[in-house]
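Descriptive analysis of the structure
Okay, here's what each chain looks like letter by letter:
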Amino acid sequence: MSTAERLTVYTGTATDVGQHRDNNEDSLTVAGTLCVVADGMGGHEAGEVASRLCTRTLAYSQMFTRPGGMTEEEETKFQQALEAEIQQNTEEPQTNRRLRRRKDTSVLNQQILKTIENIKGVISEADEAIKNTLGLRAGTTLTGAWLTHIGEQQMWFIFNVGDSRTYRLLRSEDVETEEALSISNGPIEGLRLEQVTVDHSEVQYLVDTGQITALEALTHPRRNVITRALGTGNYWEPDFWVIPAKPGDRLMMCSDGLSGELSHNYMARVLATVEHPQDAADVLQMAALRAGGRDNITVVVADAITESDAKVRAEELKELTHTDAHKIAARIEEFDYEHTTDTEEEQFHPERELHRGING
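All of these numbers come straight from a predicted model, not from anything done at the bench.

Take the packing of aromatic side chains next. Tallied over the full model, the rule gives 3 aromatic pairs. Judged by centre distance (5.0 Å) and plane angle (90 degrees), the ring pair of F64 and W146 falls under edge-to-face. With F64 in the loop between α1 (46-60) and α2 (72-91) and W146 in strand β5 (residues 142-150), the pair connects residues that are 82 residues apart, well separated along the chain. Using a relative accessible area of 7% as the deciding quantity, one classes F64 as buried. With centroids separated by 5.9 Å and ring planes inclined at 35 degrees, the aromatic side chains of W146 and F157 adopt a geometry described as tilted. Linking W146 in strand β5 with F157 in strand β6 (residues 153-161), this pair joins segments that are 11 residues apart in sequence. Neither W146 nor F157 differs from the other in exposure class; each is buried. An aromatic cluster of three or more residues is present, and its members are F64, W146 and F157.

Following this line, the structure appears as structure tokens:
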């Protein structure tokens, strides 16, 4: 059985009100290995509340703190079922194994489907929270990626409702980006930025049905009309993608305020050439502002790294931010000091008695 080291996320985030809006209705959260972006709508601060309710509900859910969202009991049952399946596959003739695979769903696939249902349940809680708080006066889009493992299989669970997007950077192993590359030119050979999610919008429907081209969709007058959103009381079923995870993966989640301002090639080159995820997020946000910033701009860049690599980076950050105050605090037991406060306990005097004493 594989014993690959567990993965975690190393992230960079940025959000801005933009050049033409009075308030920021976007929200984002990074909680553990869960990354989420939500784009509220409704105006008069209602959209802002909707997006924050959405991200907060997901961030506070205990499900995302457990492998595959499973309880200890569910994880035990999964391991037992998986071992039984492996034993059965070992004992069965090759021909029978092929027939059984065609006929049945594997234990792993069954658990993936259960995890998807659990995520959908948390998103449903967010939908109800928005409806109960705002009374159908506002809604929000949602996109997110969760890095987790089921057994020894490490994977991304990606989901979306509306037109906020999740992208994945695909890079050939032979593509070298050590040299400084201009991020204003065309695509890099061997590099591709894949849009994982599919917009729930009117223009996406028109593109899918062949009524307009993808290029025409960029300037279509109905490009901002979405067909699914949380909290509106209408259909909001999320779409899901499950992708195997490996060290070096880079995902980007963003609101349409970013993807609507920047070209596909530009985003790809930034994500490929800017090493630190926070720097990449900052560059993308500033570029969207320079391009017009017509809407709120929010972006999360998430890298998959091993847990040992995460510890190394944490130590490096600690060294970079270390000050004399930290050194003194670390040696506090070596110093003799005396408390300067007296030992008397604090007493409470009502304000009314204080006024009575002053006025005689």
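Further remarks concern the layout of surface pockets. The calculated volume of the largest pocket comes to roughly 1000 Å³. Taken together, 35 residues form the lining of the largest pocket, with R165, R223, N224, D256 and G260 sitting closest to its centre. For the lining of the largest pocket, a count of residues per class yields 11 nonpolar, 12 polar and 12 charged.

Trans is the common state for peptide bonds, and a negative phi is the common state for residues other than glycine. Positioned with a positive phi, L136 is a non-glycine residue whose angle comes to about 65 degrees. Along the chain, L136 turns up in the loop between α4 (107-134) and β4 (139-140).

Let us look at the confidence of the model for the protein chain. Summarising the model, the protein chain shows a mean pLDDT of 87, and 83% of its residues fall at 70 or more. Long-range and interchain partners of residues 174-185, a stretch whose pLDDT sits below 50, account for 17 contacts in this model, where long-range means more than four residues apart.

With 33 residues, the main nonpolar core has L58, I119 and F159 as its most contacted residues. Secondary structure elements with two or more residues in this core: β3 (34-41), α1, α2, α4, β5 and β6. In terms of residue count, the dominant contributor to this core is α4 (9 residues). Residues in contact with L58, not counting those within four places in the same chain, are L34, V36, F64, V122, A126, L142 and F159. Counting 25 residues, the second largest nonpolar core, distinct from the first, contains Y167, L193, M252 and A280.

Moving on: the environment of L82. Within the fold, L82 resides in helix α2. Residues L82 and L108, spaced 26 residues apart in sequence, show a C-alpha to C-alpha distance of 7.4 Å.

Before going further, it helps to spend a moment on helix α8 (residues 264-273). When you tally the buried positions in α8, you get 7 out of 10 residues, the bulk of the element. By the burial criterion, the buried members of α8 are Y266, M267, A268, R269, V270, L271 and A272. Summarising the contacts, the buried residues of α8 are in contact with β7 (165-171), β8 (191-195), β10 (250-254), α7 (256-259), α9 (277-290) and β11 (297-306).

This paragraph deals with the sheet that holds strand β1 (residues 7-16). Pairing is antiparallel across the open sheet formed by 5 strands, whose spatial order is β1-β11-β10-β7-β8. Whereas interior strands pair on both sides, the edge strands pair on one side only; in this sheet they are β1 and β8. Here the strands of the sheet are splayed against their neighbours by 20 degrees on average, with no regard to which way each runs. Both β7 and β8 contribute to a ladder of 5 bridges, which runs antiparallel.

We now examine the packing of α1 against α4. With their axes 9 Å apart at the nearest point, α1 and α4 run at an angle of 145 degrees to one another. Here α1 and α4 pass one another in a crossing that is right-handed. Residue-level inspection shows A46, V49, A50, L53, C54, T57 and L58 of α1 in contact with α4, the latter providing V122, E125, A126, A129, I130, T133 and L134. Classifying every residue of the contact of α1 with α4 gives 11 nonpolar, 2 polar and 1 charged.

For the rest of this paragraph, the subject is the side chain of H220. If you trace the backbone, H220 turns up in the loop between α6 (214-217) and β9 (239-244). Among the polar contacts made by the side chain of H220, one reaches the main-chain amide nitrogen of R222 at a distance of 3.0 Å. Excluding residues that lie within four positions of it along the chain, H220 makes contacts with V203, L206 and I212.

Reading guide: rules and limits
- Residues numbered from 1 in each chain as written.
- Predicted model: local features only at pLDDT ≥ 70, side-chain atom pairs only at ≥ 80, totals over all residues.
- Heavy atoms only, no water.
- Phe/Tyr/Trp six-rings, centres within 6.5 Å; stacked < 30°, edge-to-face > 60°.
- Helix = DSSP H or I, 4+ residues; strand = E, 2+ residues; numbered from the N terminus.
- Buried < 20%, exposed > 50% of the residue type's maximum accessible area, 1.4 Å probe, protein only.
- 1 Å grid on protein atoms, 1.4 Å probe; cavity = no way out; pocket = protein on both sides within 12 Å on 5 of 7 lines; lining within 4 Å.
- Points joined across faces, edges and corners; volume = space filled by probe spheres on them.
- Nonpolar A, V, L, I, M, F, W, Y, C, P; charged D, E, K, R; others polar.
- pLDDT = per-residue confidence, 0-100.
- Contact = heavy atoms within 4.5 Å.
- Core = buried A, V, L, I, M, F, W, Y, C linked by side-chain atoms within 4.5 Å.
- Pairing = 2+ DSSP bridges.
- Axes fitted to C-alpha atoms, helices over the stretch in contact; angles between N-to-C directions.
- Left-handed = near helix turned anticlockwise from the far one by under 90°.
- Polar contact = N/O pair within 3.5 Å; in protein donor to acceptor, adjacent residues only side chain to side chain.

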